[in-house]
Amino acid sequence: MSLNKETLIIHDNFEILGGAERIILLLSKKLKIKIFCFYKNKKIKKNYFNKFFFLNKVSIDPRIRFLINFVFYYFYPLNFNKYDKILLSGHYCLMLLKKNLKSKIIYYCHTPPRFMYDNEKKYEKKYNFLFRFPITKILIKIYKKIYKQKLSYCDIIICNSITTKIRLRKIIKNIKVVVVHPGINFNKFKSEKEKNYYLSLSRLHWSKRVKDKVDVFSNKLLSDTSLLICSFGPERDKILSIIKNKKLKNIKLLGEVSEKKKIKLLSECRGVIHIPIREEFGIVNLEAIASKKLLITTNEGDFGTFSKKYKGSKIISKFTKQKLLNQIIKIEKRQNSYIGFDNKYFKKNFSTQKFLIGVKKVLYDNS
């Protein structure tokens, strides 16, 4: 039996093309496994998919997205008997699982739902109005119980980082968990003579601290230094409003760009700024390193450790906007350009090939 008939990938949805979605599309392409999902972005090719139910043409409010995804996967009658192995990815598709399934169930965990676990307090503060209602906390408590139960139905869990593994172990103890760090194709990226701009590729979500970058670059001390933001997300309108109201000519929101355009921008930037809140891994970090560019990041998550192995890293501990401003001013005062940092360690340890070998070992190991 061919692999694509006996194995299925299920990912919540492809509303955006973030790091998790790119990883799943890579697995689909390289391992020749079709994807099942609830809905997908119209820009993603259909030939990756076993089945999807509608095309996503507009951004969906996170609260509505949570509800429709949860309801869909909880009640969808998937025929597990058709598949020997199923790789699940995301929070909601776990709701499909039932006790004592004959299929081998592998869960690729990017992170447990952050609004229920490590970022719960931050979500309460951010969405204070919602959390005032007792029903909100009741629903989250119910979802926590169901999520833990569904995790127990998995045979093995793949984590994208040690950070994720630690978070998972606080929820469930008796399931085998292995860490397989993501990888990229380093040969796609190049390093060219730098231009006078910094690059932000992080999704426009408050947990990515993109607004903090905008606040820093709005400082008069950086009026001659540019920030290009190449991404999308729920904070798009807020960021556009800040740029417009403050008349910030040094900050441009380019939105979603093509892979070719992204690689070009990476090759010519002065540095990449990636400073999310306790992010587990961060593909953006790898892309900056593959381009041999300066990487301004934090000491949070797995890359807080790995970044120390890259001489082009500028690591901010206990992040504040003032520390980011100070770091950029310090870089701008230098006499010579930072170019061509060595990335051999990362090329060896975080390649696409190594990532695929790690996932295939889990998928097709009969032990």
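Anything mentioned here points back to the structure above.
An account of the accompanying structure is given in this report.

Rules of the game
Along every chain, residues carry numbers that run from 1 in the direction the sequence is written. Local features in this predicted model are restricted to residues whose pLDDT is 70 or higher, and side-chain atom pairs enter the listing and the counts only when it is 80 or higher, whereas totals over whole chains, interfaces and linings include all residues. By convention in this description, side-chain values take in all heavy atoms of the structure and omit both hydrogens and water. Categorising residues by exposure relies on relative accessible area from a 1.4 Å probe, with only protein chains included: less than 20% of the type maximum marks a residue as buried, more than 50% marks it as exposed, and the intermediate range marks it as partly exposed. Only DSSP runs of H or I with at least four residues qualify as helices, and only runs of E with at least two residues qualify as strands; both kinds are numbered from the N terminus onward. Taking the helix axis as origin, the arc is that swept by the directions to the C-beta atoms. Should any heavy atoms of two residues lie within 4.5 Å, those residues are counted as being in contact. Two kinds of site are reported from a 1 Å grid over the protein atoms alone, namely cavities, where a 1.4 Å probe fits but cannot get out, and pockets, open sets with protein on both sides within 12 Å along at least five of seven lines, and residues are called lining when an atom falls within 4 Å of a point. Grid points are joined across faces, edges and corners, and a volume is the space filled by probe spheres set on the points. Put simply, a salt bridge is a Lys or Arg side-chain nitrogen that is within 4 Å of an Asp or Glu carboxyl oxygen. As a rule, the C-alpha atoms of each element are fitted with a line to give its axis, helices using only the stretch in contact, and angles between N-to-C directions run from 0 to 180 degrees. Roughly parallel means an angle under 35 degrees; roughly antiparallel, over 145; roughly perpendicular, 65 to 115; everything else is oblique.

### A closer look at helix H9 (residues 236–245)
Phase 1 of the analysis: Among the residues of H9, Ile 239, Ile 242 and Ile 243 are the ones counted as buried. Seen end-on, H9 carries its buried residues on one side only, within an arc spanning 95°. Every exposed residue of H9 that faces more than 90 degrees away from the buried side is listed here: Asp 237, Lys 244 and Asn 245.
Phase 2 of the analysis: Buried positions along H9 lie against helix H8 (210–217), strand S11 (226–229) and strand S12 (251–253).
Phase 3 of the analysis: Immediately downstream of H9, the backbone of Lys 247 shows phi near 55°, a positive value.

### Some points on the layout of surface pockets
Phase 1 of the analysis: There is about 330 Å³ of room inside the second largest pocket.
Phase 2 of the analysis: When residues of the lining of the second largest pocket are traced back to their parent elements, those giving at least two are helix H4 (120–126) and H8.
Phase 3 of the analysis: Ranked by residues supplied to the lining of the second largest pocket, first place goes to H4 with 3 residues.

### With respect to the pattern of salt bridges
Phase 1 of the analysis: Considering all chains together, one arrives at 21 salt bridges under this definition.
Phase 2 of the analysis: A salt bridge links Arg 22 to Glu 287, with the shortest nitrogen-to-oxygen separation between them at 2.8 Å. Of the two residues, Arg 22 sits in helix H2 (residues 19–31) while Glu 287 sits in helix H11 (residues 283–290), which places them 265 residues apart along the sequence.
Phase 3 of the analysis: A residue is classified by how much of its surface remains accessible, and Glu 287, at 3% relative accessible area, is buried.
Phase 4 of the analysis: Notably, a salt bridge pairs Lys 264 with Glu 192, separated by 3.3 Å at the nearest N-O pair. Of this pair, Lys 264 sits in helix H10 (residues 259–268) while Glu 192 sits in the loop between strand S9 (176–179) and strand S10 (197–200), placing them 72 residues apart in sequence.
Phase 5 of the analysis: Judged by its relative accessible area of 36%, Lys 264 is partly exposed.
Phase 6 of the analysis: Three or more residues joined by partner-sharing salt bridges are found here, namely Arg 22, Lys 188, Glu 259, Lys 262 and Glu 287.

### Description of unusual backbone geometry
Leave glycine aside and you will find that most residues have negative phi; peptide bonds, for their part, are mostly trans.
Phase 1 of the analysis: Of note, the phi angle at Asn 100 is positive, near 60°, even though the residue is not glycine.
Phase 2 of the analysis: Position of Asn 100 relative to the elements: it lies in the loop between strand S6 (85–89) and strand S7 (104–109).
Phase 3 of the analysis: With a relative accessible area of 69%, Asn 100 lands in the exposed category.
Phase 4 of the analysis: With a phi angle near 60°, Lys 292 is a residue other than glycine that sits in the positive phi range.
Phase 5 of the analysis: Position of Lys 292 relative to the elements: it lies in the loop between H11 and strand S14 (294–298).
Phase 6 of the analysis: The exposure class assigned to Lys 292 is partly exposed, which follows from its relative accessible area of 32%.

### Quick word on the packing of H2 against helix H15 (residues 352–364)
Phase 1 of the analysis: Interhelical geometry of H2 versus H15 gives an angle of 75° and a closest axis separation of 11 Å. The angle between H2 and H15 falls in the class roughly perpendicular. Counting all contacts with H2, which are made through Ile 23, Leu 26, Leu 27, Lys 30 and Leu 31, the residues of H15 involved are Thr 352, Phe 355, Leu 356, Val 359, Lys 360 and Leu 363.

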